[in-house]
Amino acid sequence: SQLSVVVFTALVVTVLFSLSLLATTHKYLSSLEKIPSTIRTKNKNSTSTISIGSVARLPLGEYINSTNSDNNNTLSEEQDEQEYESFDQYWPDMKQALCPNMIPNSRISRKILDLARAELNFADDATADTIDPLFYDFFAFSPGGLGFVNREHSTIYLKIWKAGNDFIRKNLKFRLEEEYHEKVYENKVPTSLYKDVKVIGPRNHRSSRSQLRGNTPTASTTTNKACIITALRDPISHFISGYNEIEFRHQNFPDQKRLPKNEENPLLFTRFEPGSTQRFKQFVTDLLGGPRQYGFYRASTELQHVYSMTGILHSMHKMNRVYGSNLTLTAYLPSLSNLESTFPKLLAETCPGVPPGFSKEFTVSQSHESQFSDHGFTEAGKEIWAQGGDTARALCALHVLDYACFDAIPVPDLCKQVYSEEYFRNEFLAAKFNYPKRGD
């Protein structure tokens, strides 16, 4: 009948529509699988996406879970334990990639910078040639040191700014010159220092250009055995102390300060109240934005006080590459605790060229003016670090090379968490990661 035809036609249309809807839904779901892995991070006025390589950076306090709600944004104890297990599992391989045989991988400064910037939600929109080349100095700066020669043995102390440097130098010079009548060589340029204490010698200068291109170096003519030591501190503590030094000089020596006046200064941290936590946070932001936005590295030579402690290793590797020497860091103190006794003891027990009886405590007192700053710069830095927020995480990322090269220094819990996250560790554990070679 006519009614049956109408009903049949309606059923056919319904079936066809259902099939079409199912096909469209399947196509949409399939397309979702092809979308790169990204994570939307919260912003006061907008939502942005931050991604490094193919894995996104997960902001502190947030994690992906299919059952997540807006109020469930903290890591459980079980997840926290898993993070530390991941750290213990992957950290040895990460150290090998970052600093094999205590040779900093010179090819990773851009990678570290990107990881640190991502913690502060900088847009990853710059290419390698837009980075200010001076950022390279953050990992390469070495302020020289002092040394002396005893027969065929050369002993060298490499300076680290904001790591007991003034105290060590003053006591070494007093004891060696006044008590032992040794000639002490001090030089701000590592190459000149190594030459002064005869651990590197003349080379064929006509071949220097080819050496710098990575060809076989001309061997040094000097055979002196070098004992090279230094004193270090926790890298985050070192950074905060360096920040205090920069601010102290900026506030107290207006005729010598390197920062331009505020009306001419694109560095936003100078516009916050001295000693405030907002000022410290903005300093870190300006630092990481500097190579691409603010020109930080041309504005202040005092910035070297916060540079990575790995610069001394980079300098030695460079000397070995150019001069054919075999300089290595013999030993280091991982802490400044009881420095007056631990440093002379380390020197006496490690270096054969040290005069007898050298292990007695240092007695010459030394203080630094910046220690007595009344603006609270150090306290502000410590407070931001204790909060464990994005700025603290960025500092962890920025100092991963320090912790990798100087592995006697314990890695803080927050940094263990940062280094354990998949996006971070994969940047250094990639199958085709380039390790430093003798010509680098």
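In what follows, the accompanying structure is described. Because the structure is a prediction, the values reported are computed rather than measured. Each chain carries its own residue numbering, running from 1 in the written order of its sequence. Whole-chain, interface and lining totals are the exception, using all residues; otherwise, since this is a predicted model, local features are given only for residues with pLDDT of at least 70 and side-chain atom pairs are given and counted only at 80 or more. Based on all heavy atoms of the structure, the side-chain values leave hydrogens and waters out of the count.

### Side note on the overall build of the protein
Logical step 1: Going along the chain from the N terminus, every DSSP run of H or I of four or more residues is numbered as a helix, and every run of E of two or more is numbered as a strand. Scanning the protein from terminus to terminus reveals 17 helices and eight strands.
Logical step 2: Here's how the labels work: a residue is buried when its accessible area is under 20% of the maximum for its type, exposed when over 50%, partly exposed in between, all with a 1.4 Å probe on protein chains only. Among the 440 residues that make up the protein, the fraction classed as buried is 47%.
Logical step 3: Roughly 22,800 Å² of accessible area belongs to the protein as shown, and the carbon and sulfur atoms make up 50% of that amount. Where accessible areas are quoted, they stem from the Shrake-Rupley method and a 1.4 Å probe; at the residue level, only the protein chains shown are allowed to cover.

### Details of the state of the cysteines
Logical step 1: Here, the term disulfide refers to a pair of cysteine sulfur atoms separated by no more than 2.5 Å. Counted under the stated rule, the structure contains three disulfides.
Logical step 2: The disulfide bridge from Cys227 ends at Cys351, spanning 2.0 Å between sulfur atoms. On the sign convention where negative is left-handed, the bridge of Cys227 and Cys351, at about -65° about the S-S bond, is left-handed. Here Cys227, found in strand β7 (residues 225-231), pairs with Cys351, found in the loop between α12 (339-350) and α13 (377-387); they are 124 residues apart in sequence, far enough to count as distant. Like Cys227, the residue Cys351 is buried in the burial classification.
Logical step 3: Cysteine pairing for the protein, with bonded cysteines counted in sequence order: 1-5, 2-3, 4-6.

### Structural notes on the pattern of salt bridges
Logical step 1: Note on definitions: salt bridges are taken to be side-chain nitrogens of Lys or Arg within 4 Å of carboxyl oxygens of Asp or Glu. Counted under the stated rule, the structure contains 12 salt bridges.
Logical step 2: Between Glu186 and Arg169 there is a salt bridge; the shortest N-O distance is 2.8 Å. Taken as a pair, Glu186 in strand β6 (residues 185-187) and Arg169 in helix α5 (residues 165-179) lie far apart in primary sequence, 17 residues in all.
Logical step 3: Glu186 sits in the partly exposed class, given a relative accessible area of 31%.
Logical step 4: Arg279 is the partner of Glu247 in a salt bridge, and the nearest nitrogen-oxygen pair spans 2.6 Å. Note that Glu247 is positioned in helix α8 (residues 235-252) and Arg279 in helix α9 (residues 277-294), a separation of 32 residues in sequence.
Logical step 5: The class for Glu247 is buried, based on a relative accessible area of 0%.
Logical step 6: Judged by its relative accessible area of 2%, Arg279 is buried.
Logical step 7: Several salt bridges converge on common partners, so that one network encompasses Asp166, Arg169, Lys173 and Glu186.

### A closer look at the nonpolar core
Logical step 1: We call a set of buried residues a nonpolar core when its members are Ala, Val, Leu, Ile, Met, Phe, Trp, Tyr or Cys and they connect through side-chain atoms within 4.5 Å of each other. Tyr194, Phe406, Tyr419 and Phe424 are the most contacted members of the largest nonpolar core, which totals 75 residues.
Logical step 2: Contact criterion: two residues are considered in contact whenever any of their non-hydrogen atoms come within 4.5 Å of each other. When neighbours within four sequence positions are excluded, Phe424 is seen to be in contact with Met94, Leu115, Ala397, Val400, Val418 and Tyr419.
Logical step 3: Counting 21 residues, the second largest nonpolar core, distinct from the first, contains Val184, Leu346, Leu347 and Cys351.

### Here's the deal with the sheet that holds strand β4 (residues 145-150)
Logical step 1: Following DSSP output, two strands are said to pair if at least two bridges run between them. Strand order in the open sheet made by the five strands is β6-β4-β5-β7-β8, with mixed pairing throughout. Each edge of the sheet is formed by a strand with only one pairing partner; in this case those strands are β6 and β8 (331-333). Averaged over all adjacent pairs, the angle separating strand axes in this sheet is 20°, with direction ignored.
Logical step 2: Packing against the sheet, α12 makes contact with β5 (153-158), β7 and β8, and its axis sits at approximately 165° to β7. Orientation is described by lines fitted to C-alpha atoms, with helices fitted over the stretch in contact, and by angles between N-to-C directions that extend from 0 to 180 degrees.

### Quick notes on the side chain of Ser420
Logical step 1: Topologically, Ser420 is positioned in helix α16 (residues 413-420).
Logical step 2: Here Ser420 falls in the buried class, since its relative accessible area comes to 2%.
Logical step 3: Under this definition, polar contacts are N or O atom pairs within 3.5 Å; protein pairs additionally need one hydrogen-donor-capable and one acceptor-capable atom, and for neighbouring residues in sequence, both atoms have to be side-chain atoms. Polar contacts involving the side chain of Ser420 include one to the main-chain carbonyl oxygen of Lys416, which spans 2.6 Å.

### As for the environment of Lys382
Logical step 1: Secondary-structure assignment places Lys382 in helix α13.
Logical step 2: Residue Lys382 is classed as exposed on the basis of its relative accessible area of 53%.
Logical step 3: Measuring from C-alpha to C-alpha, the distance between Lys382 and Ser237 comes to 8.2 Å, with 145 residues separating the pair along the chain.

### Quick word on empty space enclosed by the protein
Logical step 1: Using a 1 Å grid laid over the protein atoms alone, points where a 1.4 Å probe fits but cannot get out form a cavity; open sets with protein on both sides within 12 Å along at least 5 of 7 lines form a pocket; any residue with an atom within 4 Å of a point counts as lining. Grid points are joined across faces, edges and corners, and a volume is the space filled by probe spheres set on the points. Applying the stated criterion to the full structure yields five cavities of 30 Å³ or more.
Logical step 2: Space inside the largest cavity adds up to approximately 80 Å³.
Logical step 3: Lining the largest cavity are Pro104, Asn105, Ser106, Ile108, Ser109, Tyr136, Phe139, Ala140, His314 and Leu401.
Logical step 4: Charged means Asp, Glu, Lys or Arg here, nonpolar means Ala, Val, Leu, Ile, Met, Phe, Trp, Tyr, Cys or Pro, and polar covers whatever is left, Gly included. Here the lining of the largest cavity is built from residues that sort into six nonpolar, four polar and no charged.
Logical step 5: Put simply, the second largest cavity is a space of about 70 Å³.
Logical step 6: What lines the second largest cavity is Phe141, Pro143, Ile160, Trp161, His238, Gln304, Tyr307, Ser308, Met309 and Ile312.
Logical step 7: The residue inventory of the lining of the second largest cavity, partitioned by class, reads seven nonpolar, three polar and no charged.

### A look at the packing of aromatic side chains
Logical step 1: Under the pairing criterion, centres of Phe, Tyr and Trp rings, with the six-membered ring standing for Trp, must be within 6.5 Å; the plane angle then separates stacked pairs below 30 degrees from edge-to-face pairs above 60, leaving the rest tilted. All chains considered together, the criterion is met by 20 aromatic pairs.
Logical step 2: With 5.0 Å between their ring centres and 75° between their planes, Phe138 and Phe139 make a pair best called edge-to-face. In terms of burial, Phe138 and Phe139 fall into one category: buried.
Logical step 3: Consider the rings of Tyr243 and Phe283, whose centres lie 4.8 Å apart with planes at 55°: the pair is tilted. You can see Tyr243 sitting in helix α8 and its partner Phe283 sitting in helix α9, a full 40 residues away along the chain.
Logical step 4: Among the residues examined, Phe283 registers a relative accessible area of 0% and is labelled buried.
Logical step 5: Put simply, the rings of Phe87, Trp91, Tyr419, Tyr423, Phe424 and Phe428 touch in pairs and so form one group of aromatic residues.
Logical step 6: By definition, being over a ring means that NZ of Lys or CZ of Arg is both within 6 Å of the ring centre and within 35 degrees of the ring normal. Arg117 extends its terminal NZ or CZ atom over the ring of Phe122, reaching a point 4.3 Å from the ring centre.
Logical step 7: Seen from the ring of Phe358, Arg175 lies directly overhead, with NZ or CZ sitting 5.3 Å from the centre.

### Quick look at the packing of helix α14 (residues 390-398) against α16
Logical step 1: Two elements in contact, α14 and α16, have axes whose closest approach is 9 Å; the angle formed by their N-to-C orientations is 70°. As summarised for this structure, α14 and α16 are arranged roughly perpendicular, according to the angle between their axes. Where α14 abuts α16, its residues Ala392, Arg393, Cys396 and Ala397 lie against Leu414, Cys415, Gln417, Val418 and Tyr419.
Logical step 2: Considering only residue class, the contact of α14 with α16 consists of seven nonpolar, one polar and one charged. Geometric relationships in this document are graded by angle, where less than 35 degrees denotes roughly parallel, more than 145 denotes roughly antiparallel, 65 to 115 denotes roughly perpendicular, and other angles denote oblique.

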